[in-house]
Amino acid sequence: IYYNDIMPKKILNSDLVKKYLEHIKNEKKVSEQTIKTYENIGKNIPFNLLNGQPTIIKKLKDVYDNPNTLQLYLNMIILVRKFNDEEVDKLIKFRNSLSDDIKKTRKDNLDKMDDKLPGIEYIKKELNDLTGIRYILNYLMINHGFRNKDLNLKFVKSLPEDKEENYIIHKGKNIMLNINDYKTDKSHGTKEIKINDSKFIKEFKSLDLKDGDYILSMKNGDKINNIITFNDRILKLTIDKLGQNRLVKIVVKDLLNHKSFEKLDQISKDRGTSLEVLLKSYNLHNGND
């Protein structure tokens, strides 16, 4: 008997992840981003996902310092192991122990960010100087807390019966937004927002969009479906390339400074983020004292 006949070959991580993803694609809707993230993790982990739990924990600690990264990798490792009927109890215990480290890291990062970010007055002045698509995008981030995904807007003269995308409509003296495809759409449902800001309407009109056009599109006019491409385009168009995440943090800090809780509540609803998450993850005051 040859050694190879009694020792089964270990299945490659990429194959394990692929089989798991095929399973969950059939079971429930999975975002394109989740699939890409899991595929990347499967390719990059320098040890087998079916190793013993103590070995996995040791190797994860050796390779990754950031508790957020550890938690992300553990989430996927646990799911793939469960799918393969492997034990996960020690991995779950290790993942749960990371919460305090994650809170501390988040507070440290908020502290560092607070030192570097400009104030709201600067942001408002810069916004006021913008025109066209740059004004539209930055306005929606600053005044409505929009994420990048929310901004993949299609101009229509009237809403379709099956609302699967994000729509922008010019109706009388108002601009109406009907947002259906965004990060938390499963829990928050359709977001409907009315804008009557005169400069916003003027700059929107200047885009001269035809029915069915996207406010940001591929060169041939098609929708940008690639998340990385779309995020890169948005980042370049934001004030000082700050990106939506930082802009929202600046806004939240100012609203808290002025105790503008009604506006905070509105940003929470428009973003599709609970007030609790907004105050925990987007609040620069939430850093260390």
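Residues numbered from 1 in each chain as written. Predicted model: local features only at pLDDT ≥ 70, side-chain atom pairs only at ≥ 80, totals over all residues. Heavy atoms only, no water.

**Q** Explain the overall build of the protein chain here, please?
**A** Tallying secondary structure elements over the protein chain gives 15 helices and 4 strands in all. Residue burial in the protein chain is summarised as follows: out of 289 residues, 42% are buried. Within the protein chain, residue pairs in contact and separated by at least 24 positions form 62% of the contacts whose partners lie at least 6 positions apart. Accessible surface, the protein chain: about 17,000 Å² in total, of which carbon and sulfur atoms supply 48%. (Helix = DSSP H or I, 4+ residues; strand = E, 2+ residues; numbered from the N terminus. Buried < 20%, exposed > 50% of the residue type's maximum accessible area, 1.4 Å probe, protein only. Contact = heavy atoms within 4.5 Å. Areas by Shrake-Rupley, 256 points an atom, 1.4 Å probe, with all protein chains shown as cover.)

**Q** What is the right way to read the environment of aspartate 222 from this model?
**A** Checked against the element boundaries, aspartate 222 lands in the loop between helix H11 (198-206) and helix H12 (227-237). Overall, aspartate 222 belongs to the partly exposed group, its relative accessible area being 44%. Spatially, the C-alpha atoms of aspartate 222 and glycine 212 are 9.7 Å apart, while their sequence positions differ by 10 residues.

**Q** What exactly am I supposed to notice about the pairing of strand E4 (residues 191-195) here?
**A** The two faces of the sheet receive side chains in turn, since in a regular strand these alternate between them. Burial along E4 is one-sided: the face carrying Lys191, Ile193 and Ile195 is buried and the face carrying Glu192 and Lys194 is not. As defined by bridge partners, strand E3 (residues 174-179) adjoins E4 across 5 bridges and the pair is classed as antiparallel. In the sheet register, leucine 177 faces E4, and the bridge partner there is isoleucine 193. (Pairing = 2+ DSSP bridges.)

**Q** Would you explain the side chain of threonine 273 in this entry?
**A** Position of threonine 273 among the secondary structure elements: in the loop between helix H14 (261-271) and helix H15 (275-281). When near neighbours in sequence (up to four residues on either side) are disregarded, threonine 273 contacts Arg147, His188, Ser268 and Leu278.

**Q** Explain helix H4 (residues 53-63) to me, please; I cannot follow it from the model alone.
**A** In an α-helix, one turn spans 3.6 residues; hence positions three or four apart end up facing the same way. Of all the positions in H4, only Gln53, Ile56, Ile57 and Leu60 are classed as buried. Within H4, the buried residues cover an arc of 100° as seen down the axis, which keeps them to one side. Those residues of H4 that are exposed and angled more than 90 degrees off the buried face are Pro54, Lys58 and Asp62. Close packing links the buried residues of H4 with helix H5 (67-83) and helix H6 (89-97). (Arc of directions from axis to C-beta.)

**Q** So what exactly am I meant to see when it comes to the packing of aromatic side chains here?
**A** For the coordinates displayed, the defined rule picks out 5 aromatic pairs. Pairing tyrosine 20 with phenylalanine 83 gives two aromatic rings, centres 5.8 Å apart and planes at 65°, and the pair type is edge-to-face. Pair noted here: tyrosine 20 is in helix H2 (residues 13-27) and phenylalanine 83 is in helix H5, with a separation of 63 residues, a long-range link. Note on tyrosine 20: relative accessible area 7%, which makes it buried. Phenylalanine 83 gets classed as partly exposed once you look at its relative accessible area, which sits at 33%. (Phe/Tyr/Trp six-rings, centres within 6.5 Å; stacked < 30°, edge-to-face > 60°.)

**Q** Would you mind showing me how to read the pattern of salt bridges here?
**A** Side chains carrying opposite charge are able to pair once their charged atoms draw close together. By the definition in use, this model includes 10 salt bridges. Put simply, aspartate 265 and lysine 269 hold a salt bridge, and the shortest N to O gap is 2.6 Å. With aspartate 265 and lysine 269 both in helix H14 and 4 residues apart, this pair spans about one turn of that helix. Residue lysine 269 is classed as exposed on the basis of its relative accessible area of 55%. Where salt bridges share partners, they join Lys154, Glu165 and Lys223 into one cluster. (Salt bridge = Lys/Arg side-chain N within 4 Å of Asp/Glu carboxyl O.)

**Q** Help me understand the nonpolar core, please; the structure alone is not making it clear to me.
**A** Soluble globular proteins tend to bury their nonpolar side chains together. Judged by nonpolar contacts, the single largest core of 45 residues is most densely connected at Leu140 and Leu177. It is helix H9 (residues 132-144) that contributes the most residues to this core, 8 residues altogether. (Core = buried A, V, L, I, M, F, W, Y, C linked by side-chain atoms within 4.5 Å.)

**Q** Mind showing me how you'd approach the environment of leucine 235 here?
**A** Looking at where leucine 235 falls in the secondary structure, it is placed in helix H12. Residues leucine 235 and asparagine 148 lie 87 residues apart in sequence; the distance between their C-alpha atoms is 8.7 Å. Dropping the residues within four chain positions of it, leucine 235 is found in contact with Lys241, Leu242 and Gly243.

**Q** I'm lost on the confidence of the model for the protein chain in this one. Help?
**A** Note: predicted coordinates in regions of low pLDDT should not be interpreted at a detailed level. Residue-level pLDDT values for the protein chain average 85, and 87% of them are 70 or greater. The spread of mean pLDDT over the elements of the protein chain runs between helix H1 (residues 3-6), the lowest at 42, and strand E1 (residues 153-155), the highest at 98. For residues 1-9, every residue scores under 50 in pLDDT, and the model assigns this stretch 1 contact once sequence neighbours within four places are set aside. (pLDDT = per-residue confidence, 0-100.)

**Q** Just to check I follow, could you spell out unusual backbone geometry for this structure?
**A** Positioned with a positive phi, aspartate 85 is a non-glycine residue whose angle comes to about 55°. Topologically, aspartate 85 is positioned in the loop between H5 and H6. Look at aspartate 85 and you get exposed, because its relative accessible area is 72%. Not every positive phi belongs to a glycine, and aspartate 240 is a case in point at roughly 50°.

**Q** Help me understand the pairing of E3, please; the structure alone is not making it clear to me.
**A** Of all 6 residues in E3, 5 are buried, a share of seventy percent or more. Here 6 bridges tie strand E2 (residues 166-171) to E3, and the two strands are oriented antiparallel to one another. From the neighbouring strand, tyrosine 167 faces E3, where its bridge partner is asparagine 178. Joining the antiparallel neighbours E2 and E3 is a turn of 2 residues, in which glycine 172 adopts a positive phi near 60°.

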